[in-house]
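# Remarks on the overall topology
The chain contents come next:
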Amino acid sequence: MFYGAVPTACIEQVFRILDFSSWKAAYVCCSGSFRIERALKAKFPHLQVFSNDVSLYSSAVGYLACHREFNIRFEGALAFIEERPDVNSFFEKVAALLVACDMARYGGRKNEYARKHFEYYVENFELFFNRAKDRLDRTIPEMPLDGYFCGDWRKHVKQAIESGAGILAFPPFFKGDYESQFKFIEDNIHWPAPDYDLYNPKMLGDIIDEVDASGAPYCILSDQLFEHRKPVLEYVTGRKVPHYCYARTDKSSVRHLYKAPEPFAYDPINPANLTADSQVQVVQAESRHMDFIKDIYLQKTIIHTTGVANFLIFIDKMLVGGIIYSLPKYPTFGHSTIYLLSDVTLCREAKLSKFIAYLATSKSLLDIVSKKLISRIDFVVTTARTHNAVSMKYRGIYELLNRREADDPAEGNIINYGSKMRAETPQEIYSRWYWPKYGKSYVNKRKS
Amino acid sequence: MSTNENPDALLPIDGEQYRFIAAEAIIFPTPADGDGETVKVAFSAVPSSMLHTLAAEDNARFMTADQMRRLASNLKKDNAITSAVLVYPDVESRKLIVLSGNHRVEAALLAGQQIIPVMVIQSYLTEERKLAIQLSHNAITGQDDPNILGKLYESLTLEYKAYSGLTDDSFNILEKLDIDSLAIGTPQYEEILLQFLPADKDAFMKHLERLAKPKEKRTYLLAEYEDYSRLFDAIVAVKQFKNIFNTAVAIRALADLAIERLQQLEAEAEVEAQAEPQADAKET
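Note that the structure is a prediction, hence the values are computed from the model and not measured. (Residues numbered from 1 in each chain as written. Chains lettered and ligands numbered in written order. Predicted model: local features only at pLDDT ≥ 70, side-chain atom pairs only at ≥ 80, totals over all residues. Heavy atoms only, no water.)

### What to know about the overall build of chain B
What chain B contains, in helices and strands, is eight helices and nine strands. The buried share among the 284 residues of chain B stands at 31%. Counting only contacts in chain B whose residues sit at least 6 apart along the sequence, the fraction spanning at least 24 positions is 64%. (Helix = DSSP H or I, 4+ residues; strand = E, 2+ residues; numbered from the N terminus. Buried < 20%, exposed > 50% of the residue type's maximum accessible area, 1.4 Å probe, protein only. Contact = heavy atoms within 4.5 Å.)

If you want it as structure tokens, here you go:
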């Protein structure tokens, strides 16, 4: 539901470093889906909890948990809900709102997939509505709030300081994050929405300074590091934005969550043993195996991402390297394009890295990818980072699509390369292209 | 022993076994220097260009990207390498081969450090002995008492906890929270897994066995691989023609087209059926 929801693993860290038993009350800012509140009430049932947010979703659930109400009217694309005879009470309207929030994922989009999903929700509204009522019946008793403030979280902070309470704030990492997430809801549901100044995360440093100076206990989550203030919590997973917490506590917590690579048995390539008759074998592989190979043979500081298809390449049963494809982020080069995320080679000699890069354009591999994605793939793009004008690995076998300087000049150039699919098997690529062009001369040189 | 030492740079500590020497005073041992049991070691600081790190295929030890980033970040913070690298001077290449500390050297370079503190072996070693030293440095690293380690870790601030390379997950100190989502769940998609077999009986039987498993919730449709290729071509053609990207929507559109075509065929058959008696009449 919430794209920016605080991960449970990170909330566990918050609970480790803060002693809530000494708090008089907790003012939670930007409550979202009330995960913190429910965890707080489960562990510290007597702690007073005051929630806050500006979204209709949170405000409706928050009001319900405080036995308060406000007017909600469904209109526009959601007008059919207003006409239903079973959506009358505030509780029923909040349940219908939960369904509407799920529908919002499809409501603002025009494509066939979104349209069909939206229609499915309309046709099966009762099913989802009943589910939502059950969910609220179970959840609301877990979070008996002592108050809910529908408005600017900075005002909630001030209120907490005045009351001598503790502050738990989870403001959005991006400016306008809430507003873009809830656009469909705001456009199609009428409610007494609060007025507030758009929060800009650049303000956070000053806000933390103010809270800290007040002497109130606090815990504020951010993706930002500040020069003059040290975080007490660090949560990192994959390539996602790190989370840091600033709090008044002597404790601290570090979590770095990554999938562990899985070693497997292999015989590394010795290019001196290649012959004209060497046999090439391409094997589909799991991400955890590719991570193992990449940890050893790829640039050491690259955090791995998972691809849509992975292949290990063997010659005469010796492992040469691997290929990982991923879906391009944007269809810049057309919908039949696949992105070559990694083409790792175990050995720098004998131009084997060029062989692997060339192999990545083979119809044999791309057909497998196509069938896996059920989409025709016939073009491969990749990115090279180099201090030269061209990448020697891709030169001559891929077309240079564009080139720009990296933001950090020390990183050199970022070059996009592309290649049409080649209607050749890996064995044909080896026998027709690689062996006569590079392999044979390398082996002869070694022999002499 | 070769005698290219700079006497001014020598700082004897314990006879000839441990000495501090300048980079240019490092000797490159040869078999002529003998393969004694005692290993002579000198301490020095050398430019990174003198070092030759092991190729990945010659080094069993590897680091995850997170560990390498951590190490480089630590070295940058310290602006120093706080444990010396063990090197062996290779007489042929005139390089110092890194036997232990390859990742430290790589991380130092990432951290922008060009001078590396080294322990230089100054005795001739056989290849086997060099390899044994390399492996032993990685293998004989000891164990940690998790109780003591946890207590020591806990005494650190966040900055130095991260520096230590340990995290809260190295210890059993996080209490699991069970927080349900408020979400009401997605539509109940019906999942159909299409398994496509080459004409291979064994594989076919294997899939049949899977089909027979009562706990399997998925529906398996078995077909010849060539049939899948035709289905694939049809789906892709529909996607391109109707400008659809989602496969499920394309399959639905494909079904719509098939039904439409069937209706056409039925209509054509009806027309033909109506036309047939007239033809008969002509004959009579």
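### A few points about the sheet that holds strand E10 (residues 253–257) of chain A
Residues and elements named next belong to chain A. Strand order across the open sheet formed by eight strands is E4-E2-E1-E5-E7-E9-E8-E10, with mixed pairing between neighbours. Each end of this open sheet is capped by a strand with a single partner; those strands are strand E4 (147–150) and E10. On average, adjacent strands in this sheet sit at an angle of 15° to one another, irrespective of strand direction. Here strand E8 (residues 233–237) pairs with strand E9 (residues 243–247) via three bridges, running antiparallel. Within E9, the position partnered with Glu-234 by the bridge is Tyr-244. On top of the sheet, helix H3 (residues 56–65) reaches strand E2 (48–53) and E4; it is set at about 155° to E4, its chief contact. (Pairing = 2+ DSSP bridges. Axes fitted to C-alpha atoms, helices over the stretch in contact; angles between N-to-C directions.)

### Examining the environment of Leu-86 of chain B
Looking at the secondary structure, you find Leu-86 of chain B in strand E5 (residues 85–90). On a C-alpha basis, the gap between Leu-86 of chain B and Pro-117 of chain B in space is 9.0 Å, while along the polypeptide they are 31 residues apart.

### Examining the pattern of salt bridges
Residues and elements named next belong to chain A. Inspection of the entire model under this criterion finds 32 salt bridges over all chains. Close ionic contact of Asp-146 with Lys-41 constitutes a salt bridge, the shortest N to O distance being 3.5 Å. You can see Asp-146 sitting in the loop between helix H7 (125–139) and E4 and its partner Lys-41 sitting in helix H2 (residues 35–43), a full 105 residues away along the chain. Residue classification places Asp-146 among the partly exposed positions, given a relative accessible area of 36%. Here Lys-41 falls in the buried class, since its relative accessible area comes to 9%. A salt bridge links Asp-152 to Arg-154, with the shortest nitrogen-to-oxygen separation between them at 2.8 Å. Residue classification places Asp-152 among the buried positions, given a relative accessible area of 10%. (Salt bridge = Lys/Arg side-chain N within 4 Å of Asp/Glu carboxyl O.)

### Quick word on unusual backbone geometry
Phi is positive for Asp-316 of chain A, close to 50°, though the residue is something other than glycine. Among the structural elements, Asp-316 of chain A can be located in the loop between strand E12 (309–315) and strand E13 (318–326). Despite not being glycine, Arg-94 of chain B shows a phi value in the positive range, around 60°. Looking at the element boundaries, Arg-94 of chain B is found in the loop between E5 and strand E6 (95–100). On the basis of relative accessible area, Arg-94 of chain B is assigned to the partly exposed category, the value being 47%.

### Description of the pairing of strand E1 (residues 25–29) of chain A
All names here are of chain A. In terms of burial, E1 is largely enclosed, as five of its five residues are buried. Residue alternation in E1 divides its side chains into two sets, Ala-25, Tyr-27 and Cys-29 and Ala-26 and Val-28, and both sets are buried. Both E1 and strand E5 (residues 166–169) contribute to a ladder of four bridges, which runs parallel. Directly across from Val-28, in E5, lies its bridge partner Leu-168.

### Quick notes on the interface of chain B and chain A
Listed by partner, the interface residues are 53 residues for chain B and 59 residues for chain A. Between chain B and chain A, the buried area comes to about 5200 Å², and carbon and sulfur atoms account for 59% of it. Three residues, Leu-158, Leu-182 and Ile-184 of chain B, lead the burial of chain B against chain A; their summed loss comes to 17% of the area buried on that side. Inspection of the chain B/chain A interface yields 14 residue pairs in polar contact (both at pLDDT 80 or more). Among the secondary structure elements, those contributing two or more residues to the side of chain B that touches chain A are helix H1 (65–78), helix H2 (102–110), helix H4 (146–154), helix H5 (158–164), helix H7 (225–242) and helix H8 (247–283) of chain B. It is H7 of chain B that contributes the most residues to the side of chain B that touches chain A, nine residues altogether. Among the residues making up the side of chain B that touches chain A, the classes are represented as 26 nonpolar, twelve polar and 15 charged. (Buried area = accessible area lost by both parts, 1.4 Å probe. Polar contact = N/O pair within 3.5 Å; in protein donor to acceptor, adjacent residues only side chain to side chain. Nonpolar A, V, L, I, M, F, W, Y, C, P; charged D, E, K, R; others polar.)

### Regarding empty space enclosed by the protein
Residue and element names in this part refer to chain A. A complete count under the given rule lists two cavities of 30 Å³ or more for this structure. There is about 30 Å³ of room inside the second largest cavity. Contributing to the lining of the second largest cavity are Ser-287, Met-290, Asp-291, Lys-294, Thr-305, Thr-306, Gly-307, Asn-310 and Ile-324. When the residues that make up the lining of the second largest cavity are grouped by side-chain class, the tally is two nonpolar, five polar and two charged. (1 Å grid on protein atoms, 1.4 Å probe; cavity = no way out; pocket = protein on both sides within 12 Å on 5 of 7 lines; lining within 4 Å. Points joined across faces, edges and corners; volume = space filled by probe spheres on them.)

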